[in-house]
Amino acid sequence: MSTQADIKSIDTLSLVKLAMISYAHESSQALADIEIEGQRGIDWITVDRAAFWKAEMRHAADGVNQAMKDLQHCRTYKKVGDNTPACAEEKKNLEKARKRLERAEEKLELVRRWTPVVLQQFRETCVRLVRFREIIDVDCPRAIARLEQMLTALENYQTVTSP
C-alpha cells in the first residue's frame, strides 16, 4: 500500500466534507420525519379510528332502536280493523340501520384486531432505524472529523516550502 497521496484539489475534499455534513443533517431530519409520520399513523389507527368506530357503533345502535320503535309504532297505530299494515318504509329503514350497525361492528373489530399488529410492526421498524441513526449520529461525525484532519494536514503541507 502506498503512503503517498495524489491530491489534485483540496477544494474537492472540502466539498466532500460539506456534502457529508449536509447528508448527516438531511438524513437525521428524514429519520425524525419518518418517526413523526409513523407515530401519526399509529395514533390515527389506534386512537382516532377506534373512537370513530366506537361512536359510529353507538349511533348505529341508536338508529336500530329508533327504527324498531318506528316499525312497532307503524304496526300498532296504522292498523285498520284486522289488517296489519305492511310498514314497508319502516322495514327498509330497520334493515338499513342493522346494516350500518353491522358495518360499524366489523370496522371496530378490525381496528381492535389490527392495532397490536400495527404497533408491533412500528416498533420493529423503529428498532431497524436505530442502526441508521447510529451511523448518522456516530459514524458521520467521525468521517467529518477525519476529513477535517485531512484538510488541515493538506493545508499545512501546502504551506511548507521546499528546501
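Before any of the text, the structure's been laid out above.
Below you will find a few notes about this structure. This one's a predicted model, so the numbers in the text were calculated from it and none came from an experiment. (Residues numbered from 1 in each chain as written. Predicted model: local features only at pLDDT ≥ 70, side-chain atom pairs only at ≥ 80, totals over all residues. Heavy atoms only, no water.)

Looking at the packing of aromatic side chains
Then, in step 1: Taken as a whole and judged by the stated rule, the model has one aromatic pair.
Then, in step 2: With 4.8 Å between their ring centres and 80° between their planes, Phe 52 and Trp 53 make a pair best called edge-to-face.
Then, in step 3: Residue Trp 53 is classed as buried on the basis of its relative accessible area of 10%.
Then, in step 4: The lysine or arginine in question, Arg 49, covers the ring of Phe 52, its NZ or CZ lying 4.5 Å from the ring centre. (Phe/Tyr/Trp six-rings, centres within 6.5 Å; stacked < 30°, edge-to-face > 60°. Buried < 20%, exposed > 50% of the residue type's maximum accessible area, 1.4 Å probe, protein only. Lys NZ or Arg CZ within 6 Å of the ring centre and 35° of its normal.)

A short note on a negative patch on the surface
Then, in step 1: Together, Glu 95, Glu 102, Glu 105 and Glu 106 make up a negatively charged patch on the protein surface.
Then, in step 2: Examined against the element boundaries, Glu 95 turns out to sit in helix α2 (residues 88-159).
Then, in step 3: For Glu 95, a relative accessible area of 38% gives the class partly exposed. (Patch = residues over 30% accessible without salt bridge, like charges linked within 9 Å, V, L, I, M, F, W, Y side chains within 5 Å. Areas by Shrake-Rupley, 256 points an atom, 1.4 Å probe, with all protein chains shown as cover. Salt bridge = Lys/Arg side-chain N within 4 Å of Asp/Glu carboxyl O. Lys, Arg positive; Asp, Glu negative; His and termini not counted. Charge placed at Lys NZ, Arg CZ, Asp CG, Glu CD. Helix = DSSP H or I, 4+ residues; strand = E, 2+ residues; numbered from the N terminus.)

Digging into the environment of His 59
Then, in step 1: Among the secondary structure elements, His 59 is positioned in helix α1 (residues 10-77).
Then, in step 2: Given a relative accessible area of 48%, His 59 falls into the partly exposed group.
Then, in step 3: Along the primary structure His 59 and Thr 12 are separated by 47 residues, whereas in three dimensions their C-alpha atoms are 67 Å apart.

A few points about the nonpolar core
Then, in step 1: If you look at the biggest cluster of nonpolar residues, it comprises nine residues: Ala 60, Val 64, Ala 67, Leu 71, Cys 74, Cys 87, Leu 94, Ala 97 and Leu 101.
Then, in step 2: Breaking this core down by element, the ones donating at least two residues are α1 and α2.
Then, in step 3: Element by element, the count of residues in this core is highest for α1, at five residues.
Then, in step 4: Those residues in contact with Cys 87, other than ones at most four positions away along the chain, are Leu 71, Cys 74 and Arg 75. (Core = buried A, V, L, I, M, F, W, Y, C linked by side-chain atoms within 4.5 Å. Contact = heavy atoms within 4.5 Å.)

What about the state of the cysteines?
Then, in step 1: Overall, the coordinates contain one disulfide when judged by the stated rule.
Then, in step 2: Unpaired in this structure, Cys 126 has its nearest cysteine sulfur neighbour in Cys 140, at a distance of 20 Å.
Then, in step 3: Taking relative accessible area as the criterion, Cys 126 reaches 23% and is therefore assigned partly exposed. (Disulfide = S-S within 2.5 Å.)

Here we look at the packing of α1 against α2
Then, in step 1: At a minimum axis separation of 7 Å, α1 and α2 run at an interaxial angle of 170°. Taken together, the axes of α1 and α2 are roughly antiparallel relative to one another.
Then, in step 2: Class assignment for the residues of the contact of α1 with α2 results in 41 nonpolar, 11 polar and 18 charged. (Axes fitted to C-alpha atoms, helices over the stretch in contact; angles between N-to-C directions. Parallel < 35°, antiparallel > 145°, perpendicular 65-115°, else oblique. Nonpolar A, V, L, I, M, F, W, Y, C, P; charged D, E, K, R; others polar.)

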